[in-house]
Amino acid sequence: MSNPMSSVEPWSLVAEGYAKNTKQFLAAYSRKAADWIAPGANDVILDVAAGPGTLAIPLSRSVKTVHAIDFSEKMIDQLKIGIAETNSDNVIAEVMDGQNLRFAENGFDAAFSMFGLMFFPDKRKGLTEIYRVLKPGKRAAISSWAPVSRSPLMQLLFGALRAANPEIPSPQTNIASLENPDYFREQFALAGFTEIEIVPFSNSIEVKGAEEFLETMIEGNAPLQWMKRNMDGTAWIEKKRIMLSYLKENLSELPASLSSEAYIGIAKKP
């Protein structure tokens with residue numbers, strides 16, 4: 001069964017809310033990846049599945065050019081708004097499939113995909129394409145969420161989702177996904193990369209109230225937007241009520257700091 005998060009529609013639905021809310025939380029992971037790669041002032045960078053520019057816009061201030069691509073036109077629209085607002089004229093935004101990059105080989109000094117390639121139907125193809133367009137001796141940084149068991153934030157969200165939708169199975173670590181460091185490393189190696197490191201990194205958000213937290217998550221979370229889209233208004237109101245009740249029960253002490261762990265994979269094209 002295909003993952004709906006591998007298709008354009010959920011990301012287009014959530015693009016505006018993602019730019020408004022989710023981008024701020026994810027920025028720390030992008031900063032960490034950029035610090036580890038440490039591109040230079042004359043470097044040309046590729047950002048695959050760039051979303052609204054979480055990595056591309058900040059990084060553009062310290063490099064020559066960032067080519068930021070995403071398969072969602074709505075996400076690219078949000079990215080272009082961000083480019084205009086920050087005068088980031090050296091960010092080139094294009095609608096493009098990360099599994100079929102329209103770039104010549106050996107053209108980029110570094111490549112990133114922050115929480116994007118993890119959803120690709122063909123992750124190997126995505127990594128192979130990044131490998132193809134990287135210059136020899138240069139590095140790529142790819143991020144993916146760690147298992148839900150390592151992320152109190154994700155546990156809370158999944159708990160609320162399952163309270164409203166008991167048919168959803170409890171999250172289990174998928175060993176054939178990038179949340180498994182061994183699989184992550186193997187996929188890098190099969191694409192041709194060497195000097196592979198898979199490094200855990202966590203960021204936290206402060207939750208001040210259950211209602212505000214739920215509204216923020218609904219606005220900026222693609223699975224929640226997809227669920228909302230696929231039911232009538234009355235059913236959604238009831239699901240939302242159940243999720244809010246769950247959050248209130250499980251956020252007894254506020255404010256609360258909730259962390260979410262990711263893996264950042266760094267690898268080199270020999």
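Since the structure is predicted, the reported quantities are computational estimates derived from the model, not experimental observations. Residue positions are counted from 1 within each chain, in the order its sequence is given. Given that the model is predicted, a residue must reach a pLDDT of at least 70 before its local features are reported, and side-chain atom pairs must reach 80 or more before they are shown or counted; all residues, however, enter totals for whole chains, interfaces and linings. Working from all heavy atoms in the structure, the side-chain values ignore hydrogens and water.

### Describing the UniProt feature "domain: Methyltransferase" (unreviewed entry) in the protein chain
UniProt positions are given in the numbering used here, feature names are shortened, and annotations may be inferred rather than shown by experiment. The UniProt feature table records "domain: Methyltransferase" (unreviewed entry) at residues 45-137. When the span residues 45-137 is considered, its composition is 32% helix and 28% strand, and the gap between its end C-alpha atoms is 14 Å. Working definition: helices are DSSP H or I runs of at least four residues, strands are E runs of at least two. Numbering for both runs from the N terminus.

### Looking at helix 6 (residues 181-190)
Under the scheme applied here, a residue whose accessible area is under 20% of the maximum for its type counts as buried, over 50% as exposed, and between as partly exposed, the area being computed with a 1.4 Å probe on protein chains only. Where helix 6 is concerned, the buried positions are Y183, F184, Q187 and F188. Each buried residue of helix 6 lies within a common arc of 140° when the element is viewed along its axis, so the set occupies one face. Looking at the buried positions of helix 6, the neighbouring elements they touch are helix 4 (123-133), strand 5 (134-145), strand 6 (194-207) and strand 7 (256-268). For the purposes of these results, a polar contact is taken to be a pair of N or O atoms within 3.5 Å, where, inside protein, one atom must be able to donate a hydrogen and its partner to accept one; residues adjacent in sequence count only when each atom of the pair is a side-chain atom. The N-cap residue of helix 6 is N180: its side-chain oxygen and the backbone nitrogen of D182 are 3.1 Å apart. Of the residues flanking the end of helix 6, it is G192, one or two places downstream, whose phi is positive at about 110°. Note: the arc covers the axis-to-C-beta directions of the helix. Note on definitions: a residue-residue contact is assigned when non-hydrogen atoms from the two residues lie within 4.5 Å.

### As for the packing of helix 1 (residues 8-37) against helix 8 (residues 222-229)
Fitted lines through C-alpha atoms serve as axes, helices being fitted only where they are in contact, and the angles separating the N-to-C directions of these axes extend from 0 to 180 degrees. Contact pair helix 1 / helix 8: the axes reach a minimum separation of 8 Å and the direction vectors enclose 100°. Taken together, the axes of helix 1 and helix 8 are roughly perpendicular relative to one another. Of helix 8, the residues touching helix 1 (which contributes E9, P10, W11, L13 and V14) are A222, Q225, W226 and R229. Looking at the contact of helix 1 with helix 8 residue by residue, the classes come out as 6 nonpolar, 1 polar and 2 charged. Note on terminology: angles under 35 degrees are roughly parallel, angles over 145 are roughly antiparallel, angles of 65 to 115 are roughly perpendicular, and the others are oblique. Note that Gly is not counted as nonpolar here; it falls among the polar residues with everything else outside the nonpolar set of Ala, Val, Leu, Ile, Met, Phe, Trp, Tyr, Cys and Pro and the charged set of Asp, Glu, Lys and Arg.

### So, helix 7 (residues 210-220)
Those residues of helix 7 that sit buried are A210, F213, L214, M217, I218 and G220. Close packing links the buried residues of helix 7 with helix 1, helix 5 (152-164), strand 6, helix 8 and helix 9 (233-250).

### Notes on the pattern of salt bridges
The salt bridge definition used is simple: a Lys or Arg side-chain nitrogen within 4 Å of an Asp or Glu carboxyl oxygen. For the structure on display, the rule yields 10 salt bridges. E129 is the salt-bridge partner of R132, the closest N and O atoms lying 2.9 Å from each other. Within this pair, R132 and its partner E129 are both found in helix 4, separated by 3 residues, close to a single helical turn. Since its relative accessible area comes to 6%, E129 is described here as buried. R150 is the salt-bridge partner of E261, the closest N and O atoms lying 2.3 Å from each other. With E261 in strand 7 and R150 in the loop between strand 5 and helix 5, this residue pair connects regions lying 111 residues apart in the sequence. Given a relative accessible area of 12%, E261 falls into the buried group. Its relative accessible area of 43% is what places R150 among the partly exposed residues.

### A closer look at the sheet that holds strand 4 (residues 108-114)
Here 7 strands make up an open sheet; going across it, the order is 3-2-1-4-5-7-6 and the pairing mixed. Taken across any chain shown, the strands that pair with only one partner, and hence form the sheet edges, are strand 3 (91-95) and strand 6. Taking each pair of neighbouring strands and ignoring which way they run, the sheet shows an average axis angle of 20°. Two strands are counted as paired when DSSP detects at least two bridges linking them. As judged from the 3 bridges shared by strand 1 (residues 44-48) and strand 4, these two strands associate in the parallel manner. For D47, the partnering residue across the bridge sits in strand 4 and is F112. Together, strand 2 (65-70) and strand 3 form the strand contacts of helix 3 (residues 73-86), whose direction differs from that of strand 3 by roughly 165°.

### Details of the packing of helix 7 against helix 8
Where helix 7 meets helix 8, the closest approach of the two axes is 6 Å, and the angle between their N-to-C directions is 85°. Taken as axis vectors, helix 7 and helix 8 run roughly perpendicular relative to one another. On helix 8, the residues touching M217, I218, E219 and G220 of helix 7 are A222, L224 and Q225.

### What to know about the packing of aromatic side chains
For any two aromatic rings, the description comes down to two numbers: the centre-to-centre distance and the angle of the planes. Within 6.5 Å between ring centres, the rings of Phe, Tyr and Trp (the latter by its six-membered ring) count as paired, and their orientation is classed by plane angle as stacked under 30 degrees, edge-to-face over 60, tilted in between. Within the structure shown, the criterion is met by 11 aromatic pairs. Measuring from centroid to centroid gives 5.2 Å for W11 and F119, while their planes differ by 55°, and the two rings are tilted. Residue W11 is located in helix 1, and its partner F119 is located in the loop between strand 4 and helix 4; the two are separated by 108 residues in the primary sequence. Of the residues examined, W11 reaches a relative accessible area of 13% and is grouped as buried.

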